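Chain residues, written in single-letter form:
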Amino acid sequence: MRYTPNSMPSLEIGKEVAAAPPSTRVPAAPRRRLLGVREVAALSAAALLQALLVCLSVLPGLPLAKIVGLELLAPSLAGLSASLALLLAPALVLRADGLADGSASSRRWSWLARAGFCGAWQAAALGFFLLVASRTSVVDDGALLRCVAVVAAGAFVAVLLAGAFPRAYAGLAFFWAAGLPVFWYLANELYFAAATRPGGPEAAAMQAWMDGTLRFSPVVAAAGALNGKLVSGGAFGWGACACFAGTAALAGALLLWKLGSPPQEQLKSLS
């Protein structure tokens with residue numbers, strides 16, 4: 001019986017793979033970090049500004065303590081947190097060069113993780129400082145949870161909006177946060193200045209439209225969720241909070257679908 005040595009094809013295949021030129025090898029998937037130095041600095045700055053507001057509001061003898069006071073500390077924290085979520089959103093977006101080599105699904109998951117974490121971080125920071133403010137004034141537990149949910153949803157949408165429309169984000173954020181309240185304030189003043197009889201169905205319809213629109217403005221909604229009513233007088237309960245969160249989830253899904261396209265196509269669609 002003649003012995004034939006085993007050719008061991010697995011080793012030969014390994015040699016062929018090892019001898020293949022570098023250009024034919026499959027590149028490894030890029031490793032993406034959830035947060036970088038810029039993002040950590042932005043989130044830390046938001047928390048530090050809220051801490052500074054608390055410290056300057058509770059220390060007697062300071063000018064801010066006379067303006068804000070203990071009763072307005074919690075609503076001021078809610079408005080500041082919602083404003084910072086919009087202002088710091090451009091610093092929290094993912095870099096385009098780190099998303100060019102991934103698939104559409106991986107890009108969407110990366111954006112979802114980044115926006116979700118930033119929203120949860122800012123909501124947790126606001127919740128902590130609202131608990132601190134509750135030591136000086138009465139803050140309802142349900143109102144605190146509603147306010148935290150509104151800020152988390154607003155920050156989530158703000159990050160995705162800044163990533164999907166980087167050039168138009170400043171105008172969109174300004175209209176979302178400040179344009180709607182200013183528009184309804186001017187419309188209300190003009191109506192009562194021009195109307196001979198301010199009451200009636202026109203005033204009721206205008207009030208309904210104003211309350212329904214202001215429920216979707218993040219700064220007004222955050223303060224309204226904490227106070228239980230909007231600045232226009234409309235109620236803001238769990239139903240309004242669920243409506244705000246559902247609209248934010250729908251807007252986030254649409255923005256994630258857009259952010260799944262390659263960065264080059266996004267730039268072409270914006271130009």
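Since the model is a prediction, treat every value here as computed from it, not as a measurement.

## Points about the overall build of the protein
Okay, step 1: Each helix and strand in the protein was counted, giving 11 helices and 0 strands.
Okay, step 2: Walking the protein from its N terminus toward its C terminus, one meets helices and strands in the order α-α-α-α-α-α-α-α-α-α-α.
Okay, step 3: Classification of the 271 residues of the protein by burial places 39% in the buried group.
Okay, step 4: Pairs at least 24 apart in sequence give 72% of the contacts found in the protein among residues at least 6 apart.
Okay, step 5: Split by element, the accessible area of the protein, about 15,600 Å² in all, is 69% carbon and sulfur.

## Some remarks on helix α2 (residues 37-58)
Okay, step 1: Under the 1.5 Å per step criterion, the end-to-end length of α2 is 32 Å for 22 residues, consistent within 8% with the ideal 32 Å.
Okay, step 2: Every buried residue of α2 is listed here: E39, A42, L43, A46, A47, Q50, L53, V54 and S57. Relative to the axis of α2, the buried residues are bounded by an arc of 125 degrees and lie together on one face. Seen from the buried face of α2, the exposed residues on the opposite side, beyond 90 degrees, are V37 and L48.

## A word on the packing of aromatic side chains
Okay, step 1: Scanning all chains against the criterion turns up 3 aromatic pairs.
Okay, step 2: Between F183 and W184, the ring centres sit 5.2 Å apart and the planes meet at 70 degrees, which makes this aromatic pair edge-to-face.
Okay, step 3: Given the relative accessible area of 48%, F183 is considered partly exposed.
Okay, step 4: A cation sits over an aromatic face here: R146 above W238, 5.4 Å from the ring centre.

## Things to note about the packing of α2 against helix α4 (residues 73-87)
Okay, step 1: The geometry of α2 relative to α4 is characterised by a closest axis approach of 10 Å and an angle of 160 degrees between their N-to-C directions. Relative to α4, α2 is oriented roughly antiparallel. Both α2 and α4 take part in a crossing whose hand is right-handed. Residue-level contacts link A46, L49, Q50, L53, V54, S57 and V58 of α2 to L73, S76, L77, L80, S81 and L84 of α4.
Okay, step 2: Looking at the contact of α2 with α4 residue by residue, the classes come out as 9 nonpolar, 4 polar and no charged.

## Here's the deal with the side chain of S81
Okay, step 1: Within the secondary structure, S81 is located in helix α4.
Okay, step 2: In contact with S81, not counting residues within four places along its chain, are Q50, Q122, L126 and V151.

## What to know about the environment of R38
Okay, step 1: Assignment of secondary structure puts R38 in helix α2.
Okay, step 2: Exposure remark for R38: the relative accessible area of 31% places this residue in the partly exposed category.
Okay, step 3: Linking R38 and V93, residues 55 residues apart in sequence, is a C-alpha distance of 9.9 Å.
Okay, step 4: If near-sequence neighbours (up to four positions away) are discounted, R38 is found in contact with A91, V93 and R95.
Okay, step 5: A distance of 3.2 Å separates polar atoms of two side chains, one belonging to R38 and the other to E39.

## Regarding the side chain of S110
Okay, step 1: Position of S110 relative to the elements: it lies in helix α5 (residues 104-133).
Okay, step 2: Relative accessible area serves as the criterion here: at 17%, S110 is assigned to the buried category.
Okay, step 3: Within polar-contact distance, the side chain of S110 engages the backbone oxygen of S106 at 2.8 Å.

## What about the pattern of salt bridges?
Okay, step 1: Following the criterion strictly, the structure yields 2 salt bridges and no others.
Okay, step 2: Across the pair E39 and R38 runs a salt bridge whose closest N-O atoms are separated by 3.2 Å.
Okay, step 3: On the basis of relative accessible area, E39 is assigned to the buried category, the value being 5%.
Okay, step 4: Three or more residues joined by partner-sharing salt bridges are found here, namely R38, E39 and R114.

## Some remarks on the packing of helix α7 (residues 169-194) against helix α8 (residues 201-214)
Okay, step 1: Direction vectors running N to C along α7 and α8 enclose 170 degrees, while the axes themselves pass 10 Å from each other. It follows that α7 is roughly antiparallel to α8 by the angle criterion. Only E202, A203, M206, W209, M210, T213 and L214 of α8 make contact with α7, whose side of the interface consists of L180, P181, W184, A187, N188 and Y191.
Okay, step 2: Residue composition of the contact of α7 with α8, by class: 10 nonpolar, 2 polar and 1 charged.

The rules behind these values
Residues numbered from 1 in each chain as written. Predicted model: local features only at pLDDT ≥ 70, side-chain atom pairs only at ≥ 80, totals over all residues. Heavy atoms only, no water. Helix = DSSP H or I, 4+ residues; strand = E, 2+ residues; numbered from the N terminus. Buried < 20%, exposed > 50% of the residue type's maximum accessible area, 1.4 Å probe, protein only. Contact = heavy atoms within 4.5 Å. Areas by Shrake-Rupley, 256 points an atom, 1.4 Å probe, with all protein chains shown as cover. Expected span 1.5 Å × (residues − 1). Arc of directions from axis to C-beta. Phe/Tyr/Trp six-rings, centres within 6.5 Å; stacked < 30°, edge-to-face > 60°. Lys NZ or Arg CZ within 6 Å of the ring centre and 35° of its normal. Axes fitted to C-alpha atoms, helices over the stretch in contact; angles between N-to-C directions. Parallel < 35°, antiparallel > 145°, perpendicular 65-115°, else oblique. Left-handed = near helix turned anticlockwise from the far one by under 90°. Nonpolar A, V, L, I, M, F, W, Y, C, P; charged D, E, K, R; others polar. Polar contact = N/O pair within 3.5 Å; in protein donor to acceptor, adjacent residues only side chain to side chain. Salt bridge = Lys/Arg side-chain N within 4 Å of Asp/Glu carboxyl O.

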